[in-house]
Amino acid sequence: MRLRNIPGSREAIASSDFVIHEDVMTKKKGHWNEVFGNSLPIYIEVGMGKGQFITRMASMHPDRNFIGIEKYSSVLIRALEKREQMTDLHNLYFLRMEAEDLPQVFAPGEAAGIYLNFSDPWPKDRHAKRRLPSKEFLARYDQILAPEGRIEFKTDNRDLFKFSLEQAEEAGWTVEQLTWDLHHDPAMMEGNVMTEYEERFSAKGNPIHKVILRR
C-alpha cells in the first residue's frame, strides 16, 4: 500500500501528549493503567487507520480505556487531528508501532479486548503471515489478551474473512459470533461503530463481515 507522505507529520506526532513514544513504550508494559490514571479495562485497536472508530468508541465508553496502534505516520496524524479536537476525552492514547511488537509492549492479560478493522489483506500467499487475523498474529494477541478477552474483526474482503476463520480454527480459537452481512444482522449491529472504510463500502452496497473470537 503506497501512502502519501504528509510534511510535518512525524514532528507533530513526536511532540503530541496523546502519543506514547517509542522510547518509553516498553517501560509501560504491565503498567498501562498508570498512563490513564485508573484501573479501567484497556481495549486496543490494531491498525486504527485515521482513528474514526477508536475515537468514537472512547467517546461512547468512558468506562473503558483505549489505545490505537498505527505504524504509518501519514495515517496516524489524521487520527491525532481528531483526538486534538476532543479536549474532554481522557481515555485514549496512540502508539506508532509495528503490530508484531505487541508482546514487547503489553503484559500478559493487559488487554481486555482487541479490534481489527478492515486490515490490509496482503493478497499474495507469501505475505499471509503479515495478515492481522493470521495464526501468527493470533498467537501474539493470545499473549496480551485477558482470559475473558475477545477479538473483534471486521472487513469487506470475503477472501480475508474466510482466511481469518480458517486461521482461528487452526489456532484453536472459538467463534462466538459471526455474520457475513453485518448491516443486515440486527443483533450484531447493536452498538456498532463504523470506520471510514465501513461507511464507504457499505454505502456502495458491499456486505460487511464480522467475527468475534474467544479462546
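Residues numbered from 1 in each chain as written. Predicted model: local features only at pLDDT ≥ 70, side-chain atom pairs only at ≥ 80, totals over all residues. Heavy atoms only, no water.

Going by the annotation in an unreviewed UniProt entry, the name recorded for the protein chain is tRNA (guanine-N(7)-)-methyltransferase, with Candidatus Merdiplasma excrementigallinarum given as the source organism. What UniProt states about the protein chain under its Catalytic activity (unreviewed entry) heading is, verbatim, "guanosine(46) in tRNA + S-adenosyl-L-methionine = N(7)-methylguanosine(46) in tRNA + S-adenosyl-L-homocysteine". Listed under Sequence similarities (unreviewed entry) in UniProt, the entry text for the protein chain is "Belongs to the class I-like SAM-binding methyltransferase superfamily. TrmB family." (UniProt positions renumbered as here; feature names shortened; annotations may be inferred.)

For the rest of this paragraph, the subject is the UniProt feature "binding site: substrate" (unreviewed entry) in the protein chain. UniProt's feature table lists "binding site: substrate" (unreviewed entry) at Lys124, Asp156, Thr195, Glu196, Tyr197 and Glu198, given in the numbering used throughout. A maximum C-alpha distance of 24.9 Å among these annotated residues, which run over 75 residues, shows that they spread across the structure rather than meeting at one spot. Along the chain, Glu196 turns up in helix α10 (residues 196-203). In this structure Glu196 touches Lys50, Gly51, Gln52 and Lys82, once residues within four positions along its chain are discounted. There is a polar contact of 3.3 Å between the side chain of Glu196 and the backbone nitrogen of Gln52. In contact with Glu198, other than residues within four places in its own chain, are Phe118, Lys154, Leu182, His183, Asn192, Val193 and Ile208. (Helix = DSSP H or I, 4+ residues; strand = E, 2+ residues; numbered from the N terminus. Contact = heavy atoms within 4.5 Å. Polar contact = N/O pair within 3.5 Å; in protein donor to acceptor, adjacent residues only side chain to side chain.)

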